[in-house]
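A look at the structure
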Amino acid sequence: MAFASRGDTGAIVSAAAFSRTAGAVGAGWNRLPGFWRAQIVGWGLFAVIDLVNLTLLYRDLAVALSRTAMVVACLVLLSMAMRRVYASRHFDNTLTARAVAWIALLSVGGGGAVAALVSTVGARAGWSIPGRDALDDFIFPLTHYAIVLAGWSLCYFWIHAEIAEQAEHRRAIRAEAEALRAELEELRLQLDPHFLFNALNGVAEEIPEHPAAALAMLRDLNTYLRHSLDGIHQTVMSVEAEVAGTSAYLRVQQARFGQRLRVTLHVDPAAAPRRIASFLLQPLVENAVKHGRREPALEVGIDIRATPEGLHIEIRNSGALDGTARPRQRRPGIGLENVRRRLALHYPGRHKFELSESDGGTVVAALLLEGEPCSGS
């Protein structure tokens, strides 16, 4: 049996302690407000650049370190004070002509205060830069630090404008998601009464002579209703689950129409576990069944494939595009507009939806879904 040496044990303990310390520092950093993280990073970079510059000017690292520490501390305090001014009700973090005037005033005033402090302390401490007199030692820092504070102020307003725009965009997305969620709930809850009545009537007719067929139809109806109702708050599901609900709907319709409805369904095994926006296929399949041509028989085909591009979905039905493109909508939210809105929400900029008619009298609704769907919540 091998035993670890003391050196190995010490190294393991040191590595564990370092890992814990790094984790604690990372957790503390993440807890900091965004403003302070930006302050630390921004003024830290400024301190490094200023230290290098002053070391070259003074040719004395100790003097450069002292002046950099003093200047950075002053600039941090000034930026905090300027932030309070910019965040007040007079400006509300919005860059206006009045705000620009105040930026200039505060930057010059702050730069002058830092320059006066540097000049006073430098004169007493004997800090001198070859080739500069007392006026130069004030004017150059004044200009430099005024520009730095003005740049900080413009960055502050720019960052706040970006944050406000992103927050507004998130609010708009959330509002649209909630509206669409309510629309989807209405779509699922307000089931087509004619479909439900006809399905139950079909079950009743089959019970006396074909109880097994009636039971199968009732089970399919139960599966469809469960898919429609249980997933109200589930905006994303697997392709397999979505197809199961759609298949149950089609089996109920096949039991009603018999040989007048022919269904072909193909799902690529690689596509089955992929995630898809729930209840996305149902409106298209319903429209295909309702408005397709039934003479001599309505043919509905569903093909779902997974490719490197994304998820390819085709829903075909015999008929003409005029009857499918402008369906009679008995309920709000059913139809192509609902599908397009949900595609824009769940696959923003990552989808294609085309409706076309072939020469052979077949209407094809083709979908290309790229990547994972956004939850929309």
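Attention in this report is confined to the structure presented alongside it. The structure displayed is predicted, hence computed values, not measured ones.

Before going further, it helps to spend a moment on the overall build of the protein. Summing up its helical and strand segments, the protein has 11 helices and seven strands in all. The 377 residues of the protein split such that 37% are buried. Across the protein, contacts joining residues at least 24 apart in sequence account for 74% of those joining residues at least 6 apart. About 21000 Å² of surface is accessible on the protein, with carbon and sulfur atoms providing 61% of the total.

Let us now look at helix α3 (residues 61–86). Given a rise of 1.5 Å per residue, 26 residues ought to cover 38 Å, and the 36 Å separating the end C-alpha atoms of α3 matches this to within 8%. Restricting attention to buried positions, one finds in α3 the residues Val63, Ala64, Arg67, Thr68, Met70, Val71, Val72, Leu75, Ser79, Met82 and Tyr86.

So, about the pairing of strand β5 (residues 310–318). The buried fraction of β5 amounts to seven of the nine residues, a majority that puts the element mostly inside the structure. In this sheet, β5 lies alongside strand β4 (residues 298–307) in antiparallel orientation, the contact comprising eight bridges. Residue pairing in the sheet places Gly301 in a bridge with Arg316 of β5. As judged from the eight bridges shared by β5 and strand β7 (residues 362–369), these two strands associate in the antiparallel manner. From the neighbouring strand, Glu314 faces β7, where its bridge partner is Ala366.

If you look at the biggest cluster of nonpolar residues, it comprises 32 residues, and the most contacted ones within it are Ile276, Ile304, Ile313 and Ile315. It is helix α8 (residues 239–257) that provides the largest number of residues to this core, a total of six residues. Ignoring anything within four residues of it in the chain, the contact list for Ile313 reads Ile276, Leu281, Asp303, Ile304, Ala365, Ala366, Leu367 and Leu369. Of all hydrophobic cores here, the second largest spans 27 residues; its members include Ala47, Val63, Leu75 and Phe157.

Now for the packing of α3 against helix α4 (residues 97–125). One can describe the packing of α3 onto α4 by two numbers: an axis separation of 11 Å at closest approach and a directional angle of 155°. On the basis of their axis angle, the class for α3 and α4 is roughly antiparallel. Relative to α4, the crossing made by α3 is right-handed. Every residue of α4 that contacts α3 at Arg67, Met70, Val71, Cys74, Leu75, Leu78, Met82, Val85 and Tyr86 is listed here: Ile103, Leu106, Ser107, Gly110, Val114, Leu117, Val118 and Val121. Looking at the contact of α3 with α4 residue by residue, the class counts come to 14 nonpolar, two polar and one charged.

On to the packing of α8 against helix α9 (residues 282–291). With their axes 10 Å apart at the nearest point, α8 and α9 run at an angle of 20° to one another. One element, α8, and the other, α9, form an angle in the roughly parallel class. For the element pair α8 and α9, the recorded crossing hand is right-handed. Residues Glu242, Thr246, Tyr249, Leu250 and Gln253 of α8 form the contact with α9, whose participating residues are Gln282, Val285, Glu286 and Val289. Considering only residue class, the contact of α8 with α9 consists of four nonpolar, three polar and two charged.

About the cut-offs
- Residues numbered from 1 in each chain as written.
- Predicted model: local features only at pLDDT ≥ 70, side-chain atom pairs only at ≥ 80, totals over all residues.
- Heavy atoms only, no water.
- Helix = DSSP H or I, 4+ residues; strand = E, 2+ residues; numbered from the N terminus.
- Buried < 20%, exposed > 50% of the residue type's maximum accessible area, 1.4 Å probe, protein only.
- Contact = heavy atoms within 4.5 Å.
- Areas by Shrake-Rupley, 256 points an atom, 1.4 Å probe, with all protein chains shown as cover.
- Expected span 1.5 Å × (residues − 1).
- Pairing = 2+ DSSP bridges.
- Core = buried A, V, L, I, M, F, W, Y, C linked by side-chain atoms within 4.5 Å.
- Axes fitted to C-alpha atoms, helices over the stretch in contact; angles between N-to-C directions.
- Parallel < 35°, antiparallel > 145°, perpendicular 65-115°, else oblique.
- Left-handed = near helix turned anticlockwise from the far one by under 90°.
- Nonpolar A, V, L, I, M, F, W, Y, C, P; charged D, E, K, R; others polar.

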